[in-house]
Amino acid sequence: MYGRLLVAGVRRQSSYPLATLAGLVANATFGLLKTGILFAAVGSAGGTLAGYDVGAMSAYVWLSQGLLGSVNLRGRSDMMLRVRSGDVAIDFLRPVDVQGAAIATDVGQGLFALLPRGLPSVLIGLLAVGMTMPTSLGPYVLGAFSVLVGITVSHAFVYLLAVTGFWLVETRGVTVLYMSVAGLFAGLYTPIWLFPDWLRAVAEATPFPSMMMYPVDVLTGRVTGGDAVGVVGVQLAWLAGVLLLGQVLTRAGRRTLEVQGG
Amino acid sequence: MIIETTGLTREFRVREGLRRRTVRAVDELSLAVTAGESVGYIGANGAGKSTTIKMLVGILVPTAGEVRTCGLRPVQDRRDLARRVGVVFGQRSQLWWDLPVGESFEILATIHGLRDGEARARSAELVELLEIGDYLATPVRQVSLGQRMRAEVAAALLHRPELLILDEPTIGLDVLSKQRLREFLVTQRREHGTTLLLTTHDMGDIERLCDRVLVVDHGRLAYDGSLDGLARTVGARRVLVVDLAAPAADLVGLPDATHIRSEGGGLRQHLAFDAESTTAARLLFAVSERAEVRDLSIEEPEIEDVVRSIYAASR
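Rules of the game
Residues numbered from 1 in each chain as written. Chains lettered and ligands numbered in written order. Predicted model: local features only at pLDDT ≥ 70, side-chain atom pairs only at ≥ 80, totals over all residues. Heavy atoms only, no water. Helix = DSSP H or I, 4+ residues; strand = E, 2+ residues; numbered from the N terminus. Buried < 20%, exposed > 50% of the residue type's maximum accessible area, 1.4 Å probe, protein only. Contact = heavy atoms within 4.5 Å. Areas by Shrake-Rupley, 256 points an atom, 1.4 Å probe, with all protein chains shown as cover. Lys, Arg positive; Asp, Glu negative; His and termini not counted. Charge placed at Lys NZ, Arg CZ, Asp CG, Glu CD. Core = buried A, V, L, I, M, F, W, Y, C linked by side-chain atoms within 4.5 Å. Salt bridge = Lys/Arg side-chain N within 4 Å of Asp/Glu carboxyl O. Polar contact = N/O pair within 3.5 Å; in protein donor to acceptor, adjacent residues only side chain to side chain. Pairing = 2+ DSSP bridges. Axes fitted to C-alpha atoms, helices over the stretch in contact; angles between N-to-C directions. pLDDT = per-residue confidence, 0-100.

Caption draft 1: Quick peek at the overall build of chain B. Within chain B, the regular secondary structure consists of 10 helices and 13 strands. Overall, the C-alpha framework of chain B stretches about 65 × 50 × 40 Å when taken along its three principal axes. In chain B, buried positions account for 52% of the 315 residues. Expressed as a percentage of contacts within chain B between residues at least 6 apart in sequence, the contacts between residues at least 24 apart total 67%. Roughly 14500 Å² of accessible area belongs to chain B as shown, and the carbon and sulfur atoms make up 48% of that amount. On chain B, the mean spot of the 41 positive side-chain charges and the mean spot of the 46 negative ones are 7 Å from each other.

Here it is as structure tokens:
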């Protein structure tokens, strides 16, 4: 059943091709910008920076840009609007877990976005810039799973923001906070491996790298073998934690739920 | 009992500037509905109707009191209850806004765990009865309000619930759409014995659909009984307003009707009549024997008026 909701998410996303195209253009533009800046950084560091050469850096840039349509780093969600408008009442009328249903739909939309936004981004990276990718099958298989977990962690976390609306009503502040922190620590602007040690330690203590940085690392073969499995393990642990917290907050929120708008 | 509440209470905290005030939306409400009944739940805006319904289905947690719906505890057994109750909130949609109407039905069928064949048969039945076929493939956001409401009702009935709760199902609908929806609901009840609980501001809904009326006021039950009884209690009669060709004396002494007032020196006259004992046509005939009628209109009693007089009477 949650699978059906996931498909519904896919279908919803696919009904807005123009929005998807606009997202892709924005992705590509910022991808080129990132490429320029980070290539310059690699160049001035003498060809390698924190283990990245230009090929590896390009792979990072275009994969992370490609995931941007699928990993939710903006903090906004359908659920947030539903809590705000009171439409969440409808969700409680269904014989499903409210959290599970919301996240399944969002992950469905995220997975769909991999086709029109993820794939073109990777193609631009491959054809226009050139990027170094693994030559064996392993990293791709584990990487695909890691990407799926990453997408799910992001939507599960954004769900937490949405349910804070049970108490806050106005959740824009939470969204802005998330947007600024999540992007930085998920490794959207630069790999977190370029951070000073203390900042990297802070990032690694949060679930944000599990959303984008770790999947990109696994997929590009920056981490391999047992280390890669370990990274995915960390992702899964964060996913479990975030989902559990979501359950707790949903239950607590129902107690205070007042259903906006009658 | 399919619905049973004892001392059901719900309070809300309302913030007014810096001060907080507690409002009792539902106040020690005790009511019981037997399976198969059709109950109209009426009251003015803010009387506590929607809050009651939300507690009945487990959306809101009661502040105090007991509630059992289909024998279940709504909050704790929410998911089990959801399989046995269908709810339509006139102001909110349970369909997927950007997906075709038909796909919403498919998703709901899956959510309710209906088997494929069963789901298809039930969906086809509802689509035919509610005349949804023409816009089954249209995204929900592009259908008209009347079409959407029919789809909402179908969505709520897909899993064959024993209890159907309708919160303002006819709000904003035109006369024809209202009529079709009411006819459908009457048929559904007759064929499946579905229990019906509906809130409305439309007296016509109550007259055509309900055999029992509950009036709630300030969160308390102000009346519980038949519609006739309600009409008798408050004198909720219809009023025939006739415009005459020439001023005439007050039309008193007409059978089963009472002259209320005249305007324009007798050009327009208001005649109250009890729809139980006579019809508008019979009254019109009686009037036309005494004066030439140029135009007419019929005023239905407003639910707000009914509730107001009940409230006044109960004090």
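Caption draft 2: Quick look at the nonpolar core. By size, the foremost hydrophobic cluster in this structure holds 93 residues, and its most contacted members are Leu73 and Tyr178 of chain A. When near neighbours in sequence (up to four residues on either side) are disregarded, tyrosine 178 of chain A contacts Asn72, Leu73, Arg74, Gly75, Ser154, Phe157, Val158, Leu161, Gly183, Phe208 and Met211 of chain A. Residues Leu126, Ala155, Ala156 and Val213 of chain B belong to the second largest nonpolar core, which totals 53 residues.

Caption draft 3: Representation of the interface of chain A and chain B. Facing the 30 residues of chain A at the interface are 33 residues of chain B. At the junction of chain A with chain B, the criterion picks out three salt bridges. A salt bridge links arginine 92 of chain B to aspartate 87 of chain A; its shortest N-O distance comes to 2.9 Å. Summed over the shared surface of chain A and chain B, the number is seven residue pairs in polar contact (both at pLDDT 80 or more).

Caption draft 4: Layout of the sheet that holds strand S11 (residues 257-263) of chain B. Residue and element names in this part refer to chain B. Judged by pairing direction, the sheet is antiparallel, and its four strands sit side by side in the order S11-S12-S10-S13 without closing on themselves. Edge positions in the open sheet fall to S11 and strand S13 (293-299), since each of these has one partner strand only. Strand-to-strand twist in this sheet, taken as the mean axis angle between neighbours without regard to direction, amounts to 20°. The pairing of strand S10 (residues 238-244) with S13 spans six bridges and is antiparallel. Paired with leucine 244 across the bridge in S13 is valine 293.

Caption draft 5: Quick look at the confidence of the model for chain A. Within chain A, residue pLDDT values average 90, and 98% of them lie at 70 or more. Within chain A, helix H11 (residues 208-211) of chain A carries the highest mean pLDDT (97), whereas helix H1 (residues 2-14) of chain A carries the lowest (76).

Caption draft 6: Structural context of the sheet that holds strand S4 (residues 64-69) of chain B. Residue and element names in this part refer to chain B. Taken together, the three strands give an open sheet; going across it, the order is S2-S1-S4, and neighbouring strands pair in antiparallel fashion. This sheet does not close on itself; its edge strands, each paired only once, are strand S2 (19-33) and S4. For this sheet, the mean inter-axis angle between neighbouring strands, taken without regard to orientation, is 35°. Where strand S1 (residues 3-16) lies against S2, 11 bridges are found, and the strand directions are antiparallel. Among the inter-strand pairings, valine 14 is bridged to a residue of S2, identified as arginine 21. Relative to S1, helix H1 (residues 49-56) is tilted by about 120°, and along the sheet it contacts S1, S2 and S4.

Caption draft 7: Structural context of the pairing of S10 of chain B. All names here are of chain B. Most of S10 sits out of view: seven of its seven residues are buried. Where burial is concerned, the two faces of S10 agree: the one with Arg238, Leu240, Val242 and Leu244 and the one with Val239, Val241 and Asp243 are both buried. Bridge analysis of S10 against strand S12 (residues 268-273) gives six bridges, and the strand direction is antiparallel. Bridging across to S12, arginine 238 finds its partner in phenylalanine 273.

Caption draft 8: The pattern of salt bridges, seen in detail. Residues and elements named next belong to chain B. Counted by the stated rule, this structure contains 29 salt bridges over all chains. Arginine 24 is the partner of glutamate 11 in a salt bridge, and the nearest nitrogen-oxygen pair spans 2.8 Å. Taken together, the residues span a long stretch of sequence, with glutamate 11 in strand S1 and arginine 24 in strand S2 at a distance of 13 residues. For glutamate 11, a relative accessible area of 26% puts it in the partly exposed group. Judged by relative accessible area, which is 40%, arginine 24 ranks as partly exposed.

Caption draft 9: Examining the environment of alanine 124 of chain B more closely. Within the secondary structure, alanine 124 of chain B is located in helix H4 (residues 116-129). Between the alpha carbons of alanine 124 of chain B and glycine 102 of chain B there is a distance of 10.0 Å; along the sequence they are 22 residues apart.

Caption draft 10: Structural view of helix H12 (residues 213-220) of chain A. Residue and element names in this part refer to chain A. Judged by how many residues are buried, H12 sits mostly within the fold: eight of eight residues are covered. For H12, the full list of buried residues reads Met213, Tyr214, Pro215, Val216, Asp217, Val218, Leu219 and Thr220. Where H12 is buried, its residues contact helix H3 (54-67), helix H7 (138-163), helix H10 (197-204), H11 and helix H13 (225-256). Positive backbone phi, approximately 75°, marks glycine 221, located one or two places after H12.

Caption draft 11: Representation of the confidence of the model for chain B in the model. Residue and element names in this part refer to chain B. Confidence along chain B averages 87 in pLDDT terms, with 95% of residues attaining 70 or more. Here helix H10 (residues 303-314) stands out as the least confident element of chain B, with mean pLDDT 67; S4 is the most confident, with 94. We note a pTM of 0.82 for the whole complex and an ipTM of 0.78 for its interfaces.

Caption draft 12: Spatial organisation of the environment of arginine 212 of chain B. Residues and elements named next belong to chain B. Tracing the chain through its elements places arginine 212 in strand S8 (residues 212-217). The spacing of arginine 212 and glutamate 37 is 175 residues in sequence and 7.7 Å in space, taken between C-alpha atoms. Those residues in contact with arginine 212 that sit more than four places away from it in its chain are Ala32, Val33, Glu37, Ser38, Val39, Gly40, Asp224 and Gly225. Separated by 2.9 Å, the side chain of arginine 212 and the backbone oxygen of alanine 32 make a polar contact.

Caption draft 13: The side chain of threonine 5 of chain B, seen in detail. All names here are of chain B. In this structure, threonine 5 sits in strand S1. In terms of polar contacts, threonine 5 uses its side chain to reach the backbone carbonyl oxygen of leucine 29, at 2.9 Å. The residues touching threonine 5, leaving out its near neighbours within four places in the chain, are Leu29, Ser30, Leu31, Leu56, Glu66 and Val67.

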